[in-house]
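# Topology and contacts: notes
What follows is each chain in one-letter form.
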Amino acid sequence: MVGDCRDGSVYLVGAGSGSADLLTLRAARLLWQADAVVYDRLVGDQVLALIPAGRERYDVGKARGHHSVPQVEIGSLMVRLARQGKSVVRLKGGDPGVFGRMGEELAALGEAGVAVEIVPGITAASAACAAIGIPLTDRAHAQQLRFVTAQHCREGGEPNWASLASREETLVFYMGLGKVTAICEGLRAAGLPNDWPVMLMANASLPEERSLIGNLADMPARLLAEPLPSPCLIVVGSVVRMVATTPAGHSVQRHRSSRHETLCL
């Protein structure tokens, strides 16, 4: 059966956005069968609860500014477990191929000759926009979609703001809570108007989900007044305006109000 764990193999599995009922069936089956699970900080308790008692668990989660386990050690751990004949699930938040350092782990496993399977998950961008009731793309708003990491990998690195400042595109910045002001200022300086829509969302799909909606000019002040937890997703584009008119958006707003959650329009 597809999804059955094989001894000595590693499965790079996307845990989705956090809610266990958004996990894929294949991912859930692998979690149930695996001998060992190596998981990140962003994997929620709901998903971890699916791992049967008695299975080996390894928390290798990283937080901003603090890496509990260096990346090279994570690769070595997976290789060691696989060589012991164990089936291993490497569980990552969201989709393992979207800013999940999957390439580095594939390289480590490939060099060691370990068999690998990739199991995709729902990335944070999809979960956040679904939760707020808007699409990521729309013929009237955005014909393109771009995922951008807000963490600059190069020393002194800076995004090409001119290439990002398009009115026909939805931009989604990952890991960008500490760079909201820089993102807003960079896009404004590159030509997007002050009132260009922006949405911030933390904990998409979870009960503690929170969001802020504003524009490039006022979002830094909104965030200062109502801080959100990290990690936080930043969505920039005219699709954000659709939250005010779509039935899903109104439904989400009413649901949040009943739970006293934050939604600024």
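Above this text sits the structure in question.
Presented here is an overview of the structure given in this document. (Residues numbered from 1 in each chain as written. Predicted model: local features only at pLDDT ≥ 70, side-chain atom pairs only at ≥ 80, totals over all residues. Heavy atoms only, no water.)

Strand order across the open sheet formed by 5 strands is β3-β2-β6-β1-β7, with parallel pairing between neighbours. In this open sheet, the two strands that pair with only one neighbour each are β3 (56-59) and β7 (115-119). Averaged over all pairs of adjacent strands, the angle between their axes in this sheet comes to 20 degrees, without regard to strand direction. Where strand β1 (residues 9-14) lies against strand β6 (residues 88-92), 5 bridges are found, and the strand directions are parallel. What sits directly across from leucine 12, in β6, is arginine 90. Relative to the sheet, helix α3 (residues 71-83) contacts β1, β2 (36-39), β3 and β6, its axis offset from that of β6 by approximately 155 degrees. (Pairing = 2+ DSSP bridges. Helix = DSSP H or I, 4+ residues; strand = E, 2+ residues; numbered from the N terminus. Axes fitted to C-alpha atoms, helices over the stretch in contact; angles between N-to-C directions. Contact = heavy atoms within 4.5 Å.)

Moving on to the pattern of salt bridges. Enumeration over the complete set of coordinates arrives at 8 salt bridges. When the shortest N-O distance is used, the salt bridge between aspartate 40 and arginine 90 registers 2.9 Å. Linking aspartate 40 in the loop between β2 and α2 (45-48) with arginine 90 in strand β6, this pair joins segments that are 50 residues apart in sequence. Arginine 90 shares its class with aspartate 40; the two are buried. Arginine 146 is the partner of glutamate 169 in a salt bridge, and the nearest nitrogen-oxygen pair spans 3.0 Å. Of the two residues, glutamate 169 is situated in strand β9 (residues 169-174) and arginine 146 in strand β8 (residues 144-149); the sequence distance between them amounts to 23 residues. Linked through salt bridges whose partners overlap, the residues forming this network are Asp40, Arg90, Lys92 and Glu105. (Salt bridge = Lys/Arg side-chain N within 4 Å of Asp/Glu carboxyl O. Buried < 20%, exposed > 50% of the residue type's maximum accessible area, 1.4 Å probe, protein only.)

Consider a sheet: its strands pair through backbone hydrogen bonds, and that pairing is either parallel or antiparallel. With mixed pairing, the 5 strands of this open sheet are ordered in space as β8-β9-β12-β10-β11. Whereas interior strands pair on both sides, the edge strands pair on one side only; in this sheet they are β8 and β11 (210-215). Sheet twist, expressed as the mean angle between neighbouring strand axes with direction ignored, is 15 degrees. Here strand β10 (residues 197-202) pairs with β11 via 6 bridges, running antiparallel. By the bridge assignment, methionine 199 is partnered in β11 with isoleucine 213. Running over the sheet, helix α5 (residues 124-132) touches β8, β9, β10, β11 and β12 (232-236) and is turned about 105 degrees from β10.

As a further point, take the pairing of β9. Burial analysis of β9 places 6 of its 6 residues in the buried class, the great majority of the element. On β9, burial covers both faces: Glu169, Leu171 and Phe173 on one face and Thr170, Val172 and Tyr174 on the other are all buried. Both β8 and β9 contribute to a ladder of 6 bridges, which runs parallel. Residue pairing across strands places leucine 145 opposite threonine 170, the latter belonging to β9. In the sheet, β9 pairs with β12 via 3 bridges, with the strands oriented antiparallel. When the bridges of β12 are listed, leucine 171 appears paired with valine 236.

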